[in-house]
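# Structural overview for review
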Amino acid sequence: RDIAELREEVHRARHESLVDALTGLANRRAFDQRLAACIAGSMAGADGAGRPCLVVTDIDHFKRINDKYGHGFGDQVLKAVAQVLRSFTPASGVAARIGGEEFALLLPDMAVDAAQAIAEQVRTTIGSSRVRRGPDELIEHVTVSLGVVPCRKRESPREFLDRADAALYASKQAGRDRVTVVRD
């Protein structure tokens, strides 16, 4: 019985070390592990098919939300965005919080057009939703910017994530609340 309890405790600790406590999504450590495994698996494919796509998401003007409404409300926004991302993540994919207000969707075996469609659904769902501060107080709507890229052959996890970040940055520079896809 003691061994079974110890195993359960170790299993629970391992799980908790890979989950973002606020949002319940995978944390950066879990994301990095899945990203490396996904890329390694796609490189092993003989025909080059099945390469993953990556969607990186950032909440627009999140600092302003925190400054205006407080960090508790900012946490509500993070949870709401996480819930939307989780709802659009296929069973083979992983949704993760990889930074303060930055999230990622790793989409194995997905064509870039399908990844773009998911990114657009995430963007429009979040943009049309409202997060309440209290029962009678609606705030301005929250928007997100997204970058989408397919994995290149022989690309490292770091290079893959850097290209997705560059696509996200292009969305921010183009006015926010948009999806930028870099197909090469």
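An account of the accompanying structure is given in this report.

Conventions used here
- Sequence order as written defines residue numbering, which begins from 1 separately in each chain.
- A pLDDT threshold of at least 70 governs which residues receive local features in this predicted model, and a stricter bar of 80 or more applies before side-chain atom pairs are shown or counted, although totals over entire chains, interfaces and linings include all residues.
- Think of the side-chain values as coming from all heavy atoms in the structure, minus any hydrogens and water.
- Each residue is assigned to one of three classes by its accessible area relative to the maximum for its type, calculated with a 1.4 Å probe on protein chains only: buried under 20%, partly exposed between the two thresholds, exposed over 50%.
- The secondary structure listing takes helices from DSSP runs of H or I that are at least 4 residues long and strands from runs of E that are at least 2 residues long, numbered from the N terminus.
- When DSSP finds at least two bridges between two strands, those strands are taken to pair.
- The set of buried Ala, Val, Leu, Ile, Met, Phe, Trp, Tyr and Cys residues whose side-chain atoms join them within 4.5 Å is what this entry labels a nonpolar core.
- For Phe, Tyr and Trp, rings pair up if their centres lie within 6.5 Å, where Trp contributes its six-membered ring, and each pair is then called stacked (planes under 30 degrees apart), edge-to-face (over 60) or tilted (otherwise).
- When checking whether two residues touch, look at their non-hydrogen atoms; a contact exists if any pair is within 4.5 Å.
- Note on geometry: axes are lines fitted to C-alpha atoms, helical ones only across the stretch in contact, with angles between N-to-C directions running from 0 to 180 degrees.
- Our working definition of a disulfide is a cysteine sulfur pair at a distance within 2.5 Å.
- Crossings are assigned a handedness: left-handed for a near helix turned anticlockwise from the far helix by less than a right angle, right-handed for a clockwise turn.
- Three residue categories are used. Nonpolar comprises Ala, Val, Leu, Ile, Met, Phe, Trp, Tyr, Cys and Pro, charged comprises Asp, Glu, Lys and Arg, and polar comprises the others, including Gly.

Turning our attention to the pairing of strand E3 (residues 102-107). Within E3, 6 of the 6 residues are buried, leaving the element largely enclosed by the surrounding structure. What you see with E3 is no split at all: Glu 102, Ala 104 and Leu 106 on one side and Phe 103, Leu 105 and Leu 107 on the other are buried throughout. Note that strand E1 (residues 53-59) and E3 share 6 bridges and pair antiparallel. Each residue of the ladder has a partner; that of Asp 58, found in E3, is Glu 102.

This next bit is on the nonpolar core. For soluble globular proteins, nonpolar side chains are generally found buried alongside one another. By size, the foremost hydrophobic cluster in this structure holds 32 residues, and its most contacted members are Ile 59, Ile 65, Val 77, Phe 103, Leu 105, Leu 107 and Val 122. For this core, the secondary-structure elements that each account for two or more residues are E1, helix H3 (62-69), helix H4 (71-87), E3, helix H5 (112-128) and strand E6 (144-150). When residues in this core are grouped by element, the largest group, 7 residues, is from H4. Counting residues in each nonpolar core, the second largest holds 20 residues, with Leu 35, Ile 39, Phe 160 and Ala 164 among its members.

It is worth spelling out the packing of aromatic side chains at this point. Between two aromatic rings, the relevant description is the distance of the centres plus the angle of the planes. This model, assessed by the stated rule, comprises 1 aromatic pair. Aromatic side chains Tyr 69 and Phe 73 sit 5.2 Å apart centroid to centroid with 55° between the ring planes, which places their arrangement in the tilted category. For Tyr 69, a relative accessible area of 12% corresponds to the buried category.

Turning our eyes to something else, we now look at the environment of Val 19. Relative to the elements of secondary structure, Val 19 occurs in the loop between helix H1 (2-16) and helix H2 (28-44). Given the relative accessible area of 23%, Val 19 is considered partly exposed. Between the C-alpha atom of Val 19 and that of Arg 29, which follows or precedes it by 10 residues, the distance is 8.5 Å. Apart from the residues within four sequence positions on either side, Val 19 is in contact with Gly 24, Leu 25 and Asn 27.

So, on to the sheet that holds strand E2 (residues 94-97). The strand order across the open sheet formed by 5 strands is E2-E3-E1-E6-E7, and the pairing between neighbours is mixed. Looking along the sheet, the strands with just one partner apiece sit at the ends: E2 and strand E7 (179-181). Here the strands of the sheet are splayed against their neighbours by 15° on average, with no regard to which way each runs. As paired strands, E2 and E3 are joined by 4 bridges and run antiparallel to one another. Bridge pairing in E3 links Ala 95 to Leu 105. The strands touched by helix H6 (residues 157-173) within the sheet are E1, E3, E6 and E7, with E6 carrying the most contacts at an inclination of about 140°.

As a further point, take the state of the cysteines. Per the counting criterion, the structure on display carries 0 disulfides. Cys 53 takes part in no disulfide bond, and the closest cysteine sulfur to it belongs to Cys 151, at a distance of 8.8 Å. Looking at Cys 53, the relative accessible area reads 0%, which means it is buried. Here Cys 151 is not cross-linked by a disulfide; its sulfur's nearest cysteine counterpart is in Cys 38, at 7.5 Å. With relative accessibility at 1%, the residue Cys 151 sits in the buried group.

Once that is clear, we can look at the packing of H4 against H5. As a packed pair, H4 and H5 sit with axes 10 Å apart at the nearest point and diverge in direction by 145°. The way H4 lies across H5 gives a crossing that is right-handed. When H4 is examined against H5, the residues Val 81, Val 84 and Leu 85 are found in contact with a partner set consisting of Val 122, Thr 125 and Ile 126. Looking at side-chain class alone, the contact of H4 with H5 contains 5 nonpolar, 1 polar and no charged residues.

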